[in-house]
Amino acid sequence: MAPRLFACFGVKGSSTSTTGKGISGHNAAVVAADVPAGDGPVLLQLFSSQGCKTSPEAEMLVSRLGRGDFDGQIRRDGGSGSPAMVLVFHVDYWDYLGWKDPYGSSQWTVRQKAYVEALNQDTMFTPQLVVQGRVQLLGNEEETLLKSIVEAPRFPSPAFRATFQRPTSETLQVSLTGALRMKVDSSGIDIMVALYETGLVTDCPRGENSGRVLSNDYVVRKLEKLCTVKDLTAKKTVSGTAHFTVWDGFNSAKCGVAVFLQNTSLQIFGTQSFQLPDEI
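Now for a look at the structure at hand. All chains use their own residue numbering, which begins from 1 and follows the written sequence. Side-chain atom pairs in this predicted model are given and counted only at pLDDT of 80 or more, local residue features only at pLDDT of at least 70, and totals for whole chains, interfaces and linings cover all residues. Note: side-chain values were computed over all heavy atoms of the structure, leaving out hydrogens and water.

This next bit is on the overall build of the protein. To qualify as a helix, a DSSP run of H or I must reach at least 4 residues; to qualify as a strand, a run of E must reach at least 2; elements of each kind are numbered from the N terminus. A count of helices and strands for the protein gives four helices and 16 strands. Within the protein, buried positions represent 52% of all 280 residues. All accessibility values rest on the Shrake-Rupley procedure with a 1.4 Å probe; residue burial counts only the protein chains present in the view. Accessible surface, the protein as shown: approximately 12,500 Å² in total, 47% of it carbon and sulfur. Accessibility here uses a 1.4 Å probe with only protein chains present; expressed as a share of the type maximum, an area under 20% marks a residue as buried, one over 50% as exposed, and anything in between as partly exposed.

Okay, the pattern of salt bridges next. Every case where a carboxyl oxygen of Asp or Glu lies within 4 Å of a side-chain nitrogen of Lys or Arg is listed as a salt bridge. Under the defined criterion, the tally for this structure stands at seven salt bridges. Put simply, Arg64 and Asp69 hold a salt bridge, and the shortest N to O gap is 3.3 Å. A relative accessible area of 29% means that Arg64 is categorised as partly exposed. Given the relative accessible area of 36%, Asp69 is considered partly exposed. As a salt-bridge pair, Glu151 and Lys147 come within 2.7 Å of each other at their nearest N and O atoms. Of the two residues, Glu151 and Lys147 both sit in helix α4 (residues 142-151), four residues apart, roughly one turn of that helix. Using a relative accessible area of 54% as the deciding quantity, one classes Glu151 as exposed. Within the structure, one salt-bridge network assembled from shared partners comprises Arg64, Arg67 and Asp69.

Our focus in this paragraph is the environment of Asn216. The topology assignment puts Asn216 in strand β12 (residues 212-216). In sequence terms Asn216 and Thr202 are 14 residues apart; their C-alpha atoms lie 8.3 Å from each other. Whether two residues are in contact is decided by their heavy atoms, any of which lying within 4.5 Å being enough. The residues touching Asn216, leaving out its near neighbours within four places in the chain, are Gln50, Glu59, His90, Tyr103, Thr198, Gly199 and Leu200. Here Gln50 takes part through its side chain, which lies 2.9 Å from a polar atom of the side chain of Asn216. Polar contact criterion, stated in full: a pair of N or O atoms within 3.5 Å, where within protein one must be able to donate a hydrogen and the other to accept it, and residues adjacent in sequence count only if both atoms are side-chain atoms.

Right, let's get into the packing of helix α1 (residues 55-66) against α4. Angles shown run from 0 to 180 degrees and are taken between the N-to-C directions of axes, each axis being a line fitted to C-alpha atoms and, for helices, limited to the stretch in contact. Between α1 and α4, whose axes approach to 11 Å, the crossing angle comes to 40 degrees. One way to sum up the angle between α1 and α4 is to call them oblique. Remark: the crossing between α1 and α4 carries right-handed chirality. Taking contact as the criterion, the partners of Leu61, Arg64 and Leu65 in α1 are, on α4, Glu142, Leu145, Leu146 and Ile149. When residue character is reported, Ala, Val, Leu, Ile, Met, Phe, Trp, Tyr, Cys and Pro are called nonpolar, Asp, Glu, Lys and Arg charged, and the others, Gly included, polar. For the contact of α1 with α4, the residue count by class is five nonpolar, no polar and two charged. Note on angle classes: values under 35 degrees are labelled roughly parallel, values over 145 roughly antiparallel, values of 65 to 115 roughly perpendicular, and the remainder oblique. Put simply, a crossing is left-handed when the front helix is turned counterclockwise from the back one by less than a right angle, and right-handed when it is turned clockwise.

So, on to α4. Within α4, burial applies to Leu145, Leu146, Ser148 and Ile149. In a view along the axis of α4, the buried residues occupy a sector of 160 degrees, so they form one face of it. In α4, the exposed residues that point more than 90 degrees away from the buried face are Glu143 and Glu151. Looking at the buried residues of α4, the elements they touch are β3 (42-48), α1, α2 (71-74), β6 (128-131) and β7 (135-138). Relevant arc is that of directions from the helix axis to the C-beta atoms, nothing else.

Considering the arrangement of structural elements, one finds Gln262 in strand β15 (residues 255-262). Gln262 has contacts with Arg111, Ile189, Asp190, Met192, Gln267 and Ile268, leaving out every residue within four places of it along the chain.

It is worth spelling out the nonpolar core at this point. Throughout this description, the term nonpolar core refers to a set of buried Ala, Val, Leu, Ile, Met, Phe, Trp, Tyr and Cys residues connected via side-chain atoms within 4.5 Å. Grouped together as the largest cluster of nonpolar side chains are 45 residues, with contacts concentrated most on Leu44, Leu65, Leu87, Leu145, Leu223 and Phe260. Per-element tally for this core: the top contributor is strand β4 (residues 84-90), with six residues. Contact partners of Phe260, with chain neighbours within four places excluded, come to Leu43, Leu87, Arg111, Asp190, Ile191, Met192, Ala194, Leu223, Ile268, Gly270 and Thr271.

A word on helix α3 (residues 106-118). Given the number of residues in a helix, its expected span is that number minus one, multiplied by 1.5 Å. The terminal C-alpha atoms of α3 lie 18 Å apart, and with 13 residues this matches the ideal 18 Å at 1.5 Å per residue to within 8%. Listing the buried residues of α3 in full gives Trp108, Thr109, Arg111, Gln112, Tyr115 and Val116. The arc that holds every buried residue of α3, seen down its axis, measures 160 degrees, which confines them to one face. Sitting at the head of α3, Ser105 places a side-chain oxygen 3.0 Å from the backbone nitrogen of Gln107. In the segment just after α3, Asn120 is the residue with positive phi, at about 60 degrees.

Okay, here's the thing in structure tokens:
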């Protein structure tokens, strides 16, 4: 793949567990998320950019998915809980077009490149959706996306209990304890923790979206690996702590934490989410 081969598309015709040390902070809260009795949510990762003219349409689509507008169409018989979980990664390779995406990061560009290689694609493009780390598609093709979610493999959600602390005004600590509810072999699984923000509104004065007011939800601001586990039974307790440096204007009421399990090929094997407490 050529290092600068990018495209911005519109709709076409059809280890063992790791335990972090506790840190006493002024604010702390413990949250236990609902764990579906059946299959857990399908993880949708959107690679997007405010510098791409067709990304806002895809962002609107995944925002609707995240708030449950399509649950009736993608929920399987007998399922419970949310059938989909959304994370949006803003890449930085369109910044040269005249508008620097305030949420863009080279870290997310690297993650997208890893998926392009793992899924044998030739081009990095936006908006690109990756479903359960196994299938990719154009991010604003609603019918294709809903079909891909229905057909995606599903896995039990982890049964983590989360503790949130603010050791300092600039940091957030997320401690997780619980069972993965799936057996892990010697190949291992990484437990990833994403801190995301919703309700973002940006006036865009330049670039391909010049003059538009852009709305973004489920935007990943930070991503950390909690730990890697190997040779683990489904019921064994796993514990770990992720440490995040928060940004200026951080508002816990607009943020959430997504936990997901991925292998070395970035395939997803289980997801769980938490809304941050307002008092953190």
